[in-house]
Number of protein chains: 6
Amino acid sequence: FMWNTKKEITEPKVHEWIQPLDDQDSAKWTHYDAVILGVPLSRSSISASSASENPEAFRRAWKSFTTYNLDEDLDLSELQVADLGDVREHVTDISICHDNIKEAMKAIQTHHPDSLPIMIGGDHSITAMLIKGYKESHPSERIGILQLDTHFDLRDLTDNGPSNGTPIRNLLESKVINGEDVYNIGLHGFFNARSLKQYADEVGLNYITMKQARKKGIERVIHEALAELETKVDKIYLTVDMDVLDISAGPGAPASTPGGMYIHELLEAVQLVGASNKVCAMDIVCLDPTKDIANATVKTGVHVMLSFLTGYKLRQEL
Amino acid sequence: FMWNTKKEITEPKVHEWIQPLDDQDSAKWTHYDAVILGVPLSRSSISASSASENPEAFRRAWKSFTTYNLDEDLDLSELQVADLGDVREHVTDISICHDNIKEAMKAIQTHHPDSLPIMIGGDHSITAMLIKGYKESHPSERIGILQLDTHFDLRDLTDNGPSNGTPIRNLLESKVINGEDVYNIGLHGFFNARSLKQYADEVGLNYITMKQARKKGIERVIHEALAELETKVDKIYLTVDMDVLDISAGPGAPASTPGGMYIHELLEAVQLVGASNKVCAMDIVCLDPTKDIANATVKTGVHVMLSFLTGYKLRQEL
Amino acid sequence: FMWNTKKEITEPKVHEWIQPLDDQDSAKWTHYDAVILGVPLSRSSISASSASENPEAFRRAWKSFTTYNLDEDLDLSELQVADLGDVREHVTDISICHDNIKEAMKAIQTHHPDSLPIMIGGDHSITAMLIKGYKESHPSERIGILQLDTHFDLRDLTDNGPSNGTPIRNLLESKVINGEDVYNIGLHGFFNARSLKQYADEVGLNYITMKQARKKGIERVIHEALAELETKVDKIYLTVDMDVLDISAGPGAPASTPGGMYIHELLEAVQLVGASNKVCAMDIVCLDPTKDIANATVKTGVHVMLSFLTGYKLRQEL
Amino acid sequence: FMWNTKKEITEPKVHEWIQPLDDQDSAKWTHYDAVILGVPLSRSSISASSASENPEAFRRAWKSFTTYNLDEDLDLSELQVADLGDVREHVTDISICHDNIKEAMKAIQTHHPDSLPIMIGGDHSITAMLIKGYKESHPSERIGILQLDTHFDLRDLTDNGPSNGTPIRNLLESKVINGEDVYNIGLHGFFNARSLKQYADEVGLNYITMKQARKKGIERVIHEALAELETKVDKIYLTVDMDVLDISAGPGAPASTPGGMYIHELLEAVQLVGASNKVCAMDIVCLDPTKDIANATVKTGVHVMLSFLTGYKLRQEL
Amino acid sequence: FMWNTKKEITEPKVHEWIQPLDDQDSAKWTHYDAVILGVPLSRSSISASSASENPEAFRRAWKSFTTYNLDEDLDLSELQVADLGDVREHVTDISICHDNIKEAMKAIQTHHPDSLPIMIGGDHSITAMLIKGYKESHPSERIGILQLDTHFDLRDLTDNGPSNGTPIRNLLESKVINGEDVYNIGLHGFFNARSLKQYADEVGLNYITMKQARKKGIERVIHEALAELETKVDKIYLTVDMDVLDISAGPGAPASTPGGMYIHELLEAVQLVGASNKVCAMDIVCLDPTKDIANATVKTGVHVMLSFLTGYKLRQEL
Amino acid sequence: FMWNTKKEITEPKVHEWIQPLDDQDSAKWTHYDAVILGVPLSRSSISASSASENPEAFRRAWKSFTTYNLDEDLDLSELQVADLGDVREHVTDISICHDNIKEAMKAIQTHHPDSLPIMIGGDHSITAMLIKGYKESHPSERIGILQLDTHFDLRDLTDNGPSNGTPIRNLLESKVINGEDVYNIGLHGFFNARSLKQYADEVGLNYITMKQARKKGIERVIHEALAELETKVDKIYLTVDMDVLDISAGPGAPASTPGGMYIHELLEAVQLVGASNKVCAMDIVCLDPTKDIANATVKTGVHVMLSFLTGYKLRQEL
Ligand SMILES: [Ca+2]
Ligand SMILES: [Ca+2]
Ligand SMILES: [Ca+2]
Ligand SMILES: [Ca+2]
Ligand SMILES: [Ca+2]
Ligand SMILES: [Ca+2]
Ligand SMILES: [Ca+2]
Ligand SMILES: [Ca+2]
Ligand SMILES: [Ca+2]
Ligand SMILES: [Ca+2]
Ligand SMILES: [Ca+2]
Ligand SMILES: [Ca+2]
């Protein structure tokens, strides 16, 4: 008598497709189109945050998604994707955490440079570390950033160190990225200081507010940003701060704003970016599942990842 | 001294208009333009659901709606509408519940074929029973289905019986409905298996995803579906699975999705359908009021019903 | 050793800009471009309401907003704005509360007629008192009302006195306002009685439902209403009933409706109104922070105030 | 075919026992052992309160209680109990509400002096009106009060009128009650001003704090208070302010305190009081169902009513 | 580089101790002191229930418990315990579910009669099936039941079949259990019909209400029930309906009552029962994690399991 | 006209008594009986925590408490108490935060050694820093700790540094405290590893679990611990980890446990400790107001502070 014999899988779900990778499996990394890395760090956040719980929240939530995208008649399960688990964090020394994150990205680039890395944060401080790790692995590449965010993330690091308010400034000051190679889409009035806007202008950073982007059309804005970036840089890194969402759509992103991006706009945006040949990596940050309601923002975050992979698959199919 | 003397009604509310019908009143059914039937069954749901609580939640929520639709300068209270109460359910034998549901629809068709029946679910398994009951009363009619849903509802019945994952398959396999007479609008990527899409194609089912529908315009999509159906079938049955809503708009529909339909789109869609002369019945399913937040999805569901009746009234006024 | 020495302010927040005014400071009122007055009265609400808690909720919430509006590259901190505190209320005598509110508006007009008053309610009954107070200070001015609301607020006062269901009727019957000088935008089907629509038509009140406004475009609707008002009246009073929002966007406005206004539409509307030279005051009402979720509606309300002030600043800059 | 035929009642629930009384039924009042009156007034509350929603919340909640008390092997359905509905309230004139409440109690005493009245508030201001109404009907009776409350309710009426902070002071100052005839059990440190304690001492009011009562034993404290009252007064009125509960047990009583009464203690206390021959009426106040969690405090409130009726029935059986 | 290398376990947690058992491991069952079986069935519940989600909720929650019981200086990890996974359920045929549950218990008894089975429900209907399965494996044993419950669970099966209102009646009518061998502790007034009390008396069932048990002392009541049972029966089955808890302590048990059992009393009770040599199995039912608040009831349920195992370990140590 | 003139204070509330101290006021410290210091650090917590929000939550919550303790007929407002504000924290360098905390305690001891310091955390890591600061100011004093906690807090610091799992170990290893001078009351089975118990025994630490303490009586347990400490040490530091509470009473203390301390027990315990002449300071930690429900745990925490001060005042009155 077998009471819990598993059924044959006829409707593959994301958790049946993305397989956890044990340490000893690292030799097999060459098999993967994409790798997913959890970065459960949020003690570096300015405001108290439990975004560190998000990687596990993603893994639970993606059990309710199938691998098949009916919109495009495309099955993500044809991609080989591994879940590398989480970067190990230290409880009381944030610089160790940040080093581990950078080293993790370097390890990914070393062991298998052909996999597309997708990082699940954690707060936005991780982006500086991930891009630094990428840059150390590819010192000659010029990297551009496409950032979907309510904020510039250009605060001064001398005040409080590499927090979630500083990643772009960090990358600019450390010469990893040029100001002109950053495109920030979705910024919001009343949530950025004038001084940061002035800094952005000084370094030649490109940006458009959500209000302006909506009038122009998100799709067109994304296309233009990609087109400009593709002429300038070797690789594009997509960073999605979930607080870019409208406050009605992002309870799990505590800094989401009245008048922010709607979910269908965000999904469309990331799919377009995923389809760009120069896009080399992406992360999703500042989603705090303990503040979410009905798991709505976590599910939206998972869908962002799947829409990005849809773009990536469409890229391959061309 | 009378402390609770009722005021004269100057702002009629829905509960002052829709009157409960006692058993002995059934002779009076001929008076009604529409009849409302609660179908409090959700133990047939794949995922644990309390959609069975929804008929009572509707009745409480509609107390806050007036009968007057300012948008169309039209008063629903000019329609005669009765609340038939709930289909009786059995606790541990779902097949008895399903039989009762079918018999209830047949009783409606027998005692008063001219009333428009509106069924408040319950989970989506009830739709198969309701349409079967309708078909048994009108064996010669060709019935079409206009389905607003995130899902195909085409799963195989041999696995788990007539659950909320199977109603359309059930109707197709039992030859009650032809595949070409089903129009599903609002389907979502990553929530349907590829195999179900293939089945849909095999049987010639018509469908459009939410993403595609939004690009085309919901209004136009509905008009086209109605136009095609009206040429093919005798009667159209509208089934509204509330999980077609966007996840930000449908906390009480646990399967609502990121990127789903917005409320104003849904209300517009059902009003258009209600105005079609061939539409003979509608149901609203998969709304679990115990998971709702601030009663928002329940109120939206009630408004769906009222928008549908608005269409119906507009139909009469032509 | 100083452990709580304050940092220099580099990112000015709204609470560092809007300064509370002590009683003895009233002589200094001539310094202010705008003054903010809390009106914590909601025991005059038909349905039980804690909108009285909203002024304090606003003050807490605006700590998370900067003064700089990136959308317009404009810094509100260049305006001098004072927080006058709250109108004093009586616990069991609502007519005393209403008198205090009227007197407070008169005091503002007396001590400094050049400041733009912004009132934070409270329920909608306060609007009648505020406009009466304004009228008593400016008896010769013809005042128009631009109302964003789900409701007409035209109920009969003989039933239950000056509640939140009656402010416009109150102003019309007391001849403070002409029917033709009221423009109501955002009304909703099924939440207004036919009798109130008939009354509105009799007095020549102007209105457009949300559904109609969305089809026409909110921006255009606002422009047309302002254009008409500007030709007729001396001053325009903006009253924002937060229940004009869609139910997915306004959990803290318990009467918000399925199909209501989206947040970005509301923000755009109030900014446009703020930029009109004839606009002399505004209030925000019927926001109950105890029913809010994740403080979303309160934050939206604060943003409404800031968007209105943005319009006001743009007016000055011309 | 009858799909909603009612089953025979084998497990009588409270709502099948307590029957609503229509206006025209008042002649039949002589049939009732007890009558229940809703008093949906809370706009007289110092803090914003929705206790006005409580009578309806009680009526919904008592559907889940049977009439049979297994603890005492006693069936309340042997008592004849009528639900008189709610006292009619005015929206903006609280003195009218208070008059209506007083008149309602007088009507009860006039039409049927032998029924035990149970009043469901509403805030605590109603108690003064109810006892005044009782006193006007029975001017020669000396009435005592047994109060379960965190607060003295002895605030000065000259400040804010007859609010929920003043009912006992109101009754003392109007000479309806003597200070020595009030027994307050459950008072809490840090929630009463010293000045009120001094007033209580001056008028000879009897009181014991919750901390002291717990050390002594609630059962004994109640017995002693009843014994003293029974020797002094003709009738005893029980008033239960639900904020007497511990904060872990009374989320729906927003003023409940850390260290308050536990539920089993409260239930025992009211049953003991109900069994006293001199107890002539009771009320339950300051329960705000909109702040409740999982309906726990509302259910507790209903149980308080049923435990009181249990005591009343035991009284009859002696 | 290894970023997610696991640390050595120095503080063993429950999930590191209880190991999932694959199908093919069944030969190894002889190794286990206890086996845990999930029974995710709640569509057989009278009221809509998601108790089916509870086995998974338990598995997530026990990650926060260590295996060491400081109260008794005893480490559960010295016991060998396996998690057998969940009984497979059918979506629309409850009788199949019930058969599977019975067969699962028989399989446990067949493959390893020496393991103590612990079943995690699910609703209370499962207890009848589990005990029937046990009885079929041990037809000659006289089995007693110690039930902690707010309810008798003695409803008539002819009405609605084997639901969560009937398990004890089911076992009595099928002669699996004698009335005198059932001890129900924790019953509550106003939540049981008089007719069920009469049935209980007729069959000689033993019971004590919570109110009576608290006066006597839970510890003593448990000791006396065990003492009586041990003289009469061969084996004792413990069934814990979580609704025995006080309503302030059991939000995840929707039927928990005002005046119910406190958590420390429940934990003490189950530990005492676990220590009885004749106790052969236990189940925990009617815990709906979707209604829980802050996971409090789920954590309490896990602790009930661990306290029971503590008793079992103490039994071995004698 | 003055609309917001303040009333005379007749019922002094805690916020009208405890006055914030500006930087420049430090010379006046000699006036204070007690000083309150916020320590908003929780990024040093093992589990993600927003206990950093607690000092501000306390300040908001104490507005609803009067200064008068009716239980003891004692008014805390006779004590001079200052609020020193919060220790300044660094976003990304926890060691700076910890140094600031230690320095803050030293500054308190330097500028006014006669004030009783009360620290509002933050997580439990702060206790080690606070006691180290105290010890550096009083190197010759032997300090004892009375700890109310579910946990030993004896984890090894070499793993993750000075987190909230290590404060007692930290103090023992740094020779600031002797093992025999620590009394831990309220420990819970299944939330501490055996290895920590062994360490506690090795260093001679005194402890009693909550289950054992309840059987003995909390009052007696506290008296005995104080009596032993008073014979051994010069000063006693009280540290209250709010997770000592029962899970039904402490939703805002995420690690509170089934079977923990009830609120009335905790309040009694801290008052007894406050009355001990040797008690020199206290802190309250691990209360995360963002996880609280109905502000219940925050209010309980404030009451803990007031009950402690009640003890302190009783000490003076002897
Ligand atoms: Ca951001
Ligand atoms: Ca960011
Ligand atoms: Ca469906
Ligand atoms: Ca669906
Ligand atoms: Ca209004
Ligand atoms: Ca309105
Ligand atoms: Ca009171
Ligand atoms: Ca009170
Ligand atoms: Ca049961
Ligand atoms: Ca039960
Ligand atoms: Ca601790
Ligand atoms: Ca702890």
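You'll find the structure just up there.
Values in this document were obtained by computation on a predicted structure and should not be read as measured data.

Caption draft 1: Fine view of the overall build of chain A. A count of helices and strands for chain A gives eleven helices and eleven strands. For 318 residues, the compact-globule estimate of 2.2 N^0.38 gives 20 Å, and the C-alpha radius of gyration of chain A, at 19 Å, lies within 12% of that figure. Per-residue burial over chain A gives 68% buried out of 318 residues. When the accessible surface of chain A is split by element, carbon and sulfur atoms take 47% of a total near 10200 Å². Taken as two groups, the 31 positive and 47 negative side-chain charges of chain A have centres that lie 3 Å from each other.

Caption draft 2: Region of interest: the interface of chain F and chain A. Taken residue by residue, the interface counts 19 residues in chain F and 19 residues in chain A. Counting each side, the surface lost to burial between chain F and chain A is near 1500 Å², with a carbon and sulfur contribution of 53%. The largest share of the area that chain F buries against chain A comes from Arg43(F), Thr92(F) and Asn160(F), three residues that together contribute 38% of it. Where chain F touches chain A, the interface holds zero salt bridges. Of the residues that constitute the side of chain F that touches chain A, the class distribution is five nonpolar, ten polar and four charged.

Caption draft 3: The sheet that holds strand β7 (residues 143-148) of chain C, seen in detail. Residues and elements named next belong to chain C. The strand order β1-β5-β2-β6-β11-β10-β7-β8-β9 describes an open sheet built from nine strands, whose pairing is parallel. For this open sheet the edge positions go to β1 (19-20) and β9 (206-209), each flanked by a neighbour on one side alone. As judged from the two bridges shared by β1 and strand β5 (residues 81-86), these two strands associate in the parallel manner. Opposite Pro20, over in β5, you have Asp83 as the bridge partner. Against the sheet, helix α9 (residues 218-232) makes contact with β7, β8 (182-187), β9 and β10 (235-241), and its axis sits at roughly 165° relative to β8, the strand it touches most.

Caption draft 4: How the structure looks around the side chain of Ser276(D). Relative to the elements of secondary structure, Ser276(D) occurs in the loop between α10 (263-274) and β11 (279-285). In contact with Ser276(D), not counting residues within four places along its chain, are Leu226(D), Glu230(D), Ile236(D) and Arg315(D).

Caption draft 5: Focus on the pattern of salt bridges. Tallying each qualifying case throughout the model produces 138 salt bridges over all chains. Residue Arg169(D) pairs with Glu173(D) through a salt bridge whose shortest N-O separation is 2.7 Å. Of the two residues, Arg169(D) and Glu173(D) are both situated in helix α6 (residues 167-173); the distance of four residues between them amounts to about one turn of the helix. Note on Arg169(D): relative accessible area 11%, which makes it buried. Assessed through its relative accessible area of 43%, Glu173(D) is described here as partly exposed. The closest approach of N and O atoms between Lys291(F) and Asp288(F), which form a salt bridge, is 2.7 Å. It is possible to trace a salt-bridge network through shared partners that takes in Asp73(A), Glu78(A), Lys313(A), Arg194(B), Lys197(B) and Asp201(B).

Caption draft 6: Representation of helix α4 (residues 125-137) of chain B. Burial analysis of α4(B) places ten of its 13 residues in the buried class, which makes it a mostly covered element. Taken residue by residue, α4(B) has Ser125(B), Ile126(B), Thr127(B), Ala128(B), Met129(B), Leu130(B), Ile131(B), Gly133(B), Tyr134(B) and Lys135(B) as its buried positions.

Caption draft 7: Representation of the environment of Pro289(B) in the model. All names here are of chain B. Inspection of the secondary structure puts Pro289 in the loop between β11 (279-285) and α11 (296-317). Taking C-alpha positions, Pro289 is 34 Å from Val233, a pair spaced 56 residues apart along the chain. The contacts of Pro289, once residues within four sequence positions are left out, are Ser50, Ala51, Glu53, Asn54, Ala57 and Val298.

About the thresholds
- Residues numbered from 1 in each chain as written.
- Chains lettered and ligands numbered in written order.
- Predicted model: local features only at pLDDT ≥ 70, side-chain atom pairs only at ≥ 80, totals over all residues.
- Heavy atoms only, no water.
- Helix = DSSP H or I, 4+ residues; strand = E, 2+ residues; numbered from the N terminus.
- Rg over C-alpha atoms; globule rule 2.2 N^0.38 Å.
- Buried < 20%, exposed > 50% of the residue type's maximum accessible area, 1.4 Å probe, protein only.
- Areas by Shrake-Rupley, 256 points an atom, 1.4 Å probe, with all protein chains shown as cover.
- Lys, Arg positive; Asp, Glu negative; His and termini not counted.
- Charge placed at Lys NZ, Arg CZ, Asp CG, Glu CD.
- Contact = heavy atoms within 4.5 Å.
- Buried area = accessible area lost by both parts, 1.4 Å probe.
- Salt bridge = Lys/Arg side-chain N within 4 Å of Asp/Glu carboxyl O.
- Nonpolar A, V, L, I, M, F, W, Y, C, P; charged D, E, K, R; others polar.
- Pairing = 2+ DSSP bridges.
- Axes fitted to C-alpha atoms, helices over the stretch in contact; angles between N-to-C directions.

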